[in-house]
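# Analysis of the macromolecular model
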Number of protein chains: 2
Amino acid sequence: MTSRPFQRLVTLLCAIPPVLAVMPAAAASLGGPLTLEDEGSFFVNGQSFRSEYPGASVATGPAAPGNITVNQMYVHYRIPAGKKGIPLVLVHGSNHTGMTYETTPDGREGWATWFVRQGHPVYVVDHSGRGRSGFNPTPVNAVRDGGADPKNLPTFFLGPIDRAWWNFRFGPEYPKPFPGLQFPLEALDQYLAQLVPNSETTLAGGGANTVSALAALLDRIGPAVVMVHSQSGVYGLDVVRKRPNLVRALVSVEGGCETVTPADIATPFVKVPFISVWGDNSIGAKGANGDKRREGCAQAIGLIKGGGGRANLLLLPDVSIRGNSHMMMMDRNNLLVAEVIRRWIGENVR
Amino acid sequence: MTSRPFQRLVTLLCAIPPVLAVMPAAAASLGGPLTLEDEGSFFVNGQSFRSEYPGASVATGPAAPGNITVNQMYVHYRIPAGKKGIPLVLVHGSNHTGMTYETTPDGREGWATWFVRQGHPVYVVDHSGRGRSGFNPTPVNAVRDGGADPKNLPTFFLGPIDRAWWNFRFGPEYPKPFPGLQFPLEALDQYLAQLVPNSETTLAGGGANTVSALAALLDRIGPAVVMVHSQSGVYGLDVVRKRPNLVRALVSVEGGCETVTPADIATPFVKVPFISVWGDNSIGAKGANGDKRREGCAQAIGLIKGGGGRANLLLLPDVSIRGNSHMMMMDRNNLLVAEVIRRWIGENVR
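In this report, the structure presented in the accompanying data block is examined. (Residues numbered from 1 in each chain as written. Chains lettered and ligands numbered in written order. Predicted model: local features only at pLDDT ≥ 70, side-chain atom pairs only at ≥ 80, totals over all residues. Heavy atoms only, no water.)

## Focus: the interface of chain A and chain B
Put simply, the rule reads: What makes two residues a contact is simply this: any of their non-hydrogen atoms within 4.5 Å. Two parts placed together each lose some accessible area under a 1.4 Å probe, and adding up what both lose gives the buried area. Basic side-chain nitrogens of Lys or Arg form a salt bridge, by our definition, when they fall within 4 Å of a carboxyl oxygen of Asp or Glu. The definition of a polar contact used here is a pair of N or O atoms within 3.5 Å, where within protein one atom must be able to donate a hydrogen and the other to accept one, and adjacent residues in sequence count solely through side-chain atom pairs. Helical segments are the DSSP runs of H or I of at least four residues, strand segments are the runs of E of at least two, and each set is numbered from the N terminus. Classification convention: Asp, Glu, Lys, Arg as charged; Ala, Val, Leu, Ile, Met, Phe, Trp, Tyr, Cys, Pro as nonpolar; all other residues, Gly among them, as polar. DSSP-based pairing: two strands are paired if at least 2 bridges between them are found.
At the junction of the two partners, chain A supplies 75 residues and chain B supplies 75 residues. Area buried by chain A at its contact with chain B is led by A:Glu39, A:Phe43 and A:Arg132, which between them contribute 12% of it. For the pair chain A and chain B, the interface holds 6 salt bridges. Counting across the chain A and chain B interface gives 39 residue pairs in polar contact (both at pLDDT 80 or more). With 10 residues, the single largest contributor to the side of chain A that touches chain B is strand β1 (residues 34–44) of chain A. Here the residues of the side of chain A that touches chain B are counted per class, giving 38 nonpolar, 26 polar and 11 charged. Judged from the 3 bridges that link them, β1(A) and strand β1 (residues 34–44) of chain B form a sheet pairing that is antiparallel. Looking across to β1(B), one finds that A:Thr35 is bridged to B:Thr35.

Here it is as structure tokens:
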């Protein structure tokens, strides 16, 4: 917490123009024009799977067994025109999709396009098995059409609002907000609409497919900074282990760090700068996004630094950025948080 | 088939520069720079739903009953800088998401960005209950966790490659292609990766939610041309019935027309220009995308014209555009087909 890079970060922070902290409402969500050299989408990590139960079309009836594609990951890329910074890969968390990083619920600019407008090629993904990365319908259809045991059904978890409220740290209990909360609660309906079931549970290996897919993405696009959030924190750690020469830095937005062990430190983590970013009100918070996870990250950072690596725990209130929720990429001051991360990247990525 | 507008269309077609039909491979997928006044995403049509079985998180265990959001539709918009044409709403078909209209499987420009580069604000959606529009996990979790009858499980249909092959008219039987096929089969893996299960079957009302959501989208953005594909053909007809004053034209890419009746003609369809676009090899084709659907569209067009409306059946081989599959927005000559549609819009939308 007292490393020179971190101190410089705090110093730089004081120089951020205050306009960033107060974004006026605008007709357009973007804070400025966006000129793209390229924009589009592709998939990585798809594998052919023989499905005995591909389901029945409402219009045309049951399909015979055959091969479908599973484990693929949808990648949406935006490449800015002109001089380019290091590419960023943005990875969402549980119950979310890449929409996490797009327009905020109240219609302001999200991190995806903002980082593009700062010159970074940006790759936003949907976890394998989620969103535009299709899931495997076979385990459900096997119960429906093939008499398999319902106990084998995958779980499709979608947290109700009461749970999302405290888990994502909008407040201590639904519907009470934390004082000074930066999350735009007036657009809560838009936010809840972006939540999706965790359908990667239909895939053999579950979330491990997203790790493989992220490694495949780096193999395709080359070195990049990987940003992970919440559930995908541990995915990011696994990607560092798999591709230590392609992850230029790992930015973990309230992601778990519990899998970092002394065995890791000898090799990948000493090479890959790491920052664990935390919002407000996590101390004493109930649920997954509180003390246990944050303290685990503090321990991991201690391990990495002890091994000679570069790592920071950034608790935003420590640098006077207050009121941030677990969904800080959507908070009112989301671009201030993004600017802090951008400066850390600038300092730590060669 | 012999209306003056259609004849003009054929005449104009001959003036399309041949470069459009032969797109050279490029490092970027876009055929030119893209300068956006705005770009982002939002949801329409979300409704709160009390879920007794919201599932169990792999990390944190079962969730108590509570309210989740269902029926919402994800909308991704791109607004070009400068002078603007009529907005377009692009709607995909069965087993697909909005990815239908993005980069082609072989990495060329798709219709979404191409129409933006021609000056149209473009809104690409994921059907309610599909892709980034989350589905309702409750009917599955009720069987898994609540002892409900497995017969009540929704069907998650995902057509295997053998079926996709002939249904989407890549060839008569897998893996034999039609002679002169325009679909980029060398990128078949990328194409198959974009297919997803039809998870809108988890929603009460199924596809009807997408119709309501499209009406809500038009209420938000104002008059637009609606383009539908395949499964969503009949959704487009219902949107015309719901919002005859907001649909400026309906472009149906091999969508079904079977719900058009003489009762419709007195009101909405006489006001809303309609074109039904067909690729090659549909005559005698097996599956949903053959004679029955096409002849149904010919009948519907006859009805609309008989009632004084403007309607065209455009069978691409009739204007010497050959080899197109059901997925013509991804075919090698996809931008030639787009140009034909753009000219029809220019002639028919005031």
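We are not done yet, so read on.
## A closer look at the pattern of salt bridges
Definition in use: Partly exposed describes any residue whose relative accessible area lies between the buried limit of under 20% and the exposed limit of over 50%, with all areas from a 1.4 Å probe on protein chains only and scaled to the type maximum.
What the rule picks out here adds up to 40 salt bridges over all chains. The salt bridge partner of B:Asp126 is A:Arg132, with a shortest N-O separation of 2.8 Å. With B:Asp126 in strand β8 (residues 122–126) and A:Arg132 in the loop between β8 (122–126) and α3 (138–146), this pair bridges two chains. There is no split in this pair, since B:Asp126 and A:Arg132 are both buried. We note a salt bridge from A:Arg294 to A:Asp291, for which the minimum N-O separation is 3.1 Å. One end of the pair is A:Arg294 and the other is A:Asp291, both in helix α10 (residues 291–306) and 3 residues apart, which spans about a single turn. With relative accessibility at 25%, the residue A:Asp291 sits in the partly exposed group. Put simply, A:Glu39, A:Arg132, B:Arg78, B:Glu102 and B:Asp126 are held in one network by salt bridges that share partners.

## Some remarks on the state of the cysteines
Residue and element names in this part refer to chain B. Rule in force here: When the sulfur atoms of two cysteines come within 2.5 Å, that pair is taken as a disulfide.
Applying the stated criterion to the full structure yields 2 disulfides over all chains. Disulfide partner of Cys257: Cys297, at an S-S distance of 2.0 Å. Linking Cys257 and Cys297, the disulfide has an S-S dihedral of approximately 85° and is accordingly described as right-handed. Here Cys297 lies in helix α10 (residues 291–306) and Cys257 lies in the loop between β10 (247–253) and α8 (262–265), a separation of 40 residues in the sequence. Under the relative-accessibility criterion, Cys257 is labelled buried at 1%. Of the residues examined, Cys297 reaches a relative accessible area of 0% and is grouped as buried.

## Concerning the packing of aromatic side chains
Residue and element names in this part refer to chain A. For clarity, the cut-off: Ring pairs are drawn from Phe, Tyr and Trp, using the six-membered ring of Trp, whenever the two centres fall within 6.5 Å, and their geometry is named by plane angle: stacked under 30 degrees, edge-to-face over 60, tilted for the rest. The criterion is that NZ of a Lys, or CZ of an Arg, lies within 6 Å of the ring centre and within 35 degrees of the ring normal, and then a charge sits over that ring.
Tallied over the entire structure, the rule returns 30 aromatic pairs over all chains. Pairing Trp165 with Tyr174 gives two aromatic rings, centres 5.2 Å apart and planes at 80°, and the pair type is edge-to-face. Given the relative accessible area of 3%, Trp165 is considered buried. Through a chain of ring-to-ring contacts, the aromatic side chains of Trp165, Phe168, Phe170, Tyr174, Phe183 and Tyr191 assemble into a single cluster. Over the face of the ring belonging to Phe42 we find Arg220, whose NZ or CZ atom lies 3.6 Å from the ring centre.

## Comments concerning the relation of the copies chain A and chain B
Here is the rule we go by: Least-squares fitting of one copy onto the other uses the C-alpha atoms of those residues that reach a pLDDT of at least 70 in both copies.
Structural alignment of chain A on chain B gives an RMSD of 0.0 Å, achieved by rotating through 180° and translating 0.0 Å along the axis. Each copy turns onto its partner about a two-fold axis. Here 100% of the contact residues of chain A are again contact residues in chain B; the copies associate through an equivalent surface.

## Some points on the nonpolar core
Side chains of a nonpolar character, in soluble globular proteins, are inclined to be buried together. Threshold: What makes a nonpolar core is a set of buried Ala, Val, Leu, Ile, Met, Phe, Trp, Tyr and Cys residues whose side-chain atoms join them at distances within 4.5 Å.
Counting residues in hydrophobic clusters, the biggest one holds 106 residues, and the most contacted among them are A:Trp111, A:Tyr191, A:Val251, B:Trp111, B:Tyr191 and B:Val251. Membership of the second largest hydrophobic core comes to 40 residues, among which are A:Val89, A:Val226, A:Leu237 and A:Cys297.

## Let's talk about helix α6 (residues 208–221) of chain A
To keep it simple, the criterion reads: In this analysis, the expected span of each helix is defined as 1.5 Å times one less than the number of residues it contains.
With 14 residues, α6(A) should reach 20 Å at 1.5 Å per residue; the first-to-last C-alpha distance of 20 Å fits that figure. Following α6(A) by one or two positions, A:Gly222 adopts a phi angle in the positive range, close to 90°.

## Points about unusual backbone geometry
A negative phi holds for most residues other than glycine; trans holds for most peptide bonds. With an omega of 0°, the peptide bond between A:Tyr174 and A:Pro175 qualifies as cis. Inspection of the secondary structure assignment puts A:Pro175 in the loop between α4 (161–167) and α5 (188–193). We note that A:Ser320 has phi near 65°; this positive angle belongs to a residue other than glycine. Despite not being glycine, B:Ser230 shows a phi value in the positive range, around 55°. The residue B:Ser230 is located in the loop between β9 (224–229) and α7 (233–242) in this model.

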